[in-house]
Amino acid sequence: MFDLAVNSLEELTEYLAVEPYHVIQGEGRYVGLPTTLIRFSICNLHCNFCDAYPLWTNKQIFSASDILKRIKHNMLFTGGEPMLTKYRQQFITVIINEFRKQKPDAIAEIETNGTKEIIDDLYQVITQINISPKEKRYQTNKDIKIEYRLVEQLTTENSEKFIVKFVYDATDDNKRFILSFVDKYKIPAHKVYIMPEGATIERLQETMEKACDFALQHGFIFTPRLHILLGRRYIQNWPSIDL
């Protein structure tokens, strides 16, 4: 286990973008699941379409104890990039293990860009790894080199714990990126999820049908962005939500 060098859950701290809050999972295999969203600060990529950018650039210190008091039902770790460092991954491992002392069957998901390998401690306890690859053309830093180390790690190990979610905007570049990525890493179609591009209901209405058509054409799974369709409160910090 990674050495956290702390004596208590109060002393174990990390940077979050906002206070943990309760949501309905809007994407992927567990769409519709009531969960607590734990959003970490800081990301190693900077996508110009990121709907969470105004949030993850914030930095608020939370202890493991603070976070555990706010979790209901299940856990969804996102960012920013929740797998940014080994320390952060071990922090998440502690949260999962401690919460499961109260609810052993709690589902724990992690949303990641797939560039950081997962430590074994976290892999053993995580339920689902949702990988969302980012196209280089969307990066504000055009010189960045993106290496999908987690994808290589999990496909090499034939892991059943992950899916790959692609944002679909129907451009030719986007289609080529998705199909070449799936081919390069030999990802089975049942692990490939296509979600429409858009951070507003209006934009999703423009892209959903095209995303569905693309998924049907290639045998992939269509996933809505339910948290956006349900309204703005599901993509910002609304602690008053009571599930």
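Everything below is about the structure printed above this text.
## Observations concerning the overall build of the chain
Link 1 in the chain: For the chain, the helix and strand inventory stands at eight helices and ten strands.
Link 2 in the chain: A separation threshold of at least 6 residues defines the contact pool for the chain, and within that pool the share at least 24 residues apart is 73%.
Link 3 in the chain: For the chain, the accessible area works out to roughly 11,200 Å², and carbon and sulfur atoms hold 50% of it.

## Some details on helix α3 (residues 86-99)
The periodicity of an α-helix, 3.6 residues per turn, causes residues three or four places apart in sequence to face the same way.
Link 1 in the chain: Look at α3: 20 Å from first C-alpha to last across 14 residues, which is about the 20 Å you get at 1.5 Å a residue.
Link 2 in the chain: Along α3, ten of the 14 residues are buried, which leaves the element largely enclosed by surrounding structure.
Link 3 in the chain: The secondary structure elements touched by the buried residues of α3 are β1 (13-16), β4 (60-63), α2 (64-70), β5 (75-78), β6 (108-112) and α4 (120-125).

## Looking at the sheet that holds strand β7 (residues 128-131)
Link 1 in the chain: In spatial order, the strands read β2-β3-β5-β6-β7-β8-β9-β10; together these eight strands make up an open sheet with mixed pairing. Of all the strands in the sheet, the pair left with one neighbour each is β2 (21-24) and β10 (221-222).
Link 2 in the chain: As paired strands, β7 and strand β8 (residues 162-168) are joined by three bridges and run parallel to one another. Across the sheet, the residue bridging to Ile 129 is Phe 162, located in β8.
Link 3 in the chain: Packing of α3 onto the sheet brings it into contact with β5 and β6, and relative to β5 it is tilted by some 175°.
Link 4 in the chain: Against the sheet, helix α5 (residues 149-156) engages β6, β7 and β8, with an angle of about 135° to β7.

## Considerations on the packing of aromatic side chains
Link 1 in the chain: Overall, the coordinates contain ten aromatic pairs when judged by the stated rule.
Link 2 in the chain: For the ring pair Phe 166 and Phe 181, a centre distance of 5.5 Å and an interplane angle of 80° mean the geometry is edge-to-face. Here Phe 166, found in strand β8, pairs with Phe 181, found in helix α6 (residues 172-185); they are 15 residues apart in sequence, far enough to count as distant. Comparing Phe 166 with Phe 181 shows no difference in burial state: the two are buried.
Link 3 in the chain: Taken together, the ring pairs in this structure connect Tyr 148, Phe 166, Phe 177, Phe 181 and Tyr 185 into an aromatic cluster.
Link 4 in the chain: The lysine or arginine in question, Lys 59, covers the ring of Tyr 15, its NZ or CZ lying 4.5 Å from the ring centre.
Link 5 in the chain: Directly above the ring of Tyr 123 sits Lys 161, whose terminal nitrogen or CZ lies 4.7 Å from the centroid.

## Looking at the nonpolar core
Link 1 in the chain: By size, the foremost hydrophobic cluster in this structure holds 53 residues, and its most contacted members are Phe 77, Ile 129 and Ile 194.
Link 2 in the chain: The element contributing the most residues to this core is α3, with six residues.
Link 3 in the chain: With residues near it in sequence (within four places) discarded, Phe 77 still touches Ile 38, Phe 40, Pro 82, Ile 92, Ile 95, Ile 96, Ala 108, Glu 109, Ile 110 and Glu 111.
Link 4 in the chain: By size, the runner-up hydrophobic cluster in this structure holds five residues, among which are Val 18, Val 23, Leu 37 and Leu 76.

## So, helix α7 (residues 201-218)
Link 1 in the chain: In this model, α7 (18 residues) spans 25 Å end to end at C-alpha, consistent with the 26 Å of a helix rising 1.5 Å per residue.
Link 2 in the chain: Taken as a whole, α7 carries its principal kink of about 35° at Thr 207.
Link 3 in the chain: For α7, the set of buried residues is Leu 204, Thr 207, Ala 211, Phe 214 and Ala 215.

The rules behind these values
Residues numbered from 1 in each chain as written. Predicted model: local features only at pLDDT ≥ 70, side-chain atom pairs only at ≥ 80, totals over all residues. Heavy atoms only, no water. Helix = DSSP H or I, 4+ residues; strand = E, 2+ residues; numbered from the N terminus. Contact = heavy atoms within 4.5 Å. Areas by Shrake-Rupley, 256 points an atom, 1.4 Å probe, with all protein chains shown as cover. Expected span 1.5 Å × (residues − 1). Buried < 20%, exposed > 50% of the residue type's maximum accessible area, 1.4 Å probe, protein only. Pairing = 2+ DSSP bridges. Axes fitted to C-alpha atoms, helices over the stretch in contact; angles between N-to-C directions. Phe/Tyr/Trp six-rings, centres within 6.5 Å; stacked < 30°, edge-to-face > 60°. Lys NZ or Arg CZ within 6 Å of the ring centre and 35° of its normal. Core = buried A, V, L, I, M, F, W, Y, C linked by side-chain atoms within 4.5 Å. Bend = angle between axes of the 7 residues up to and from the residue.

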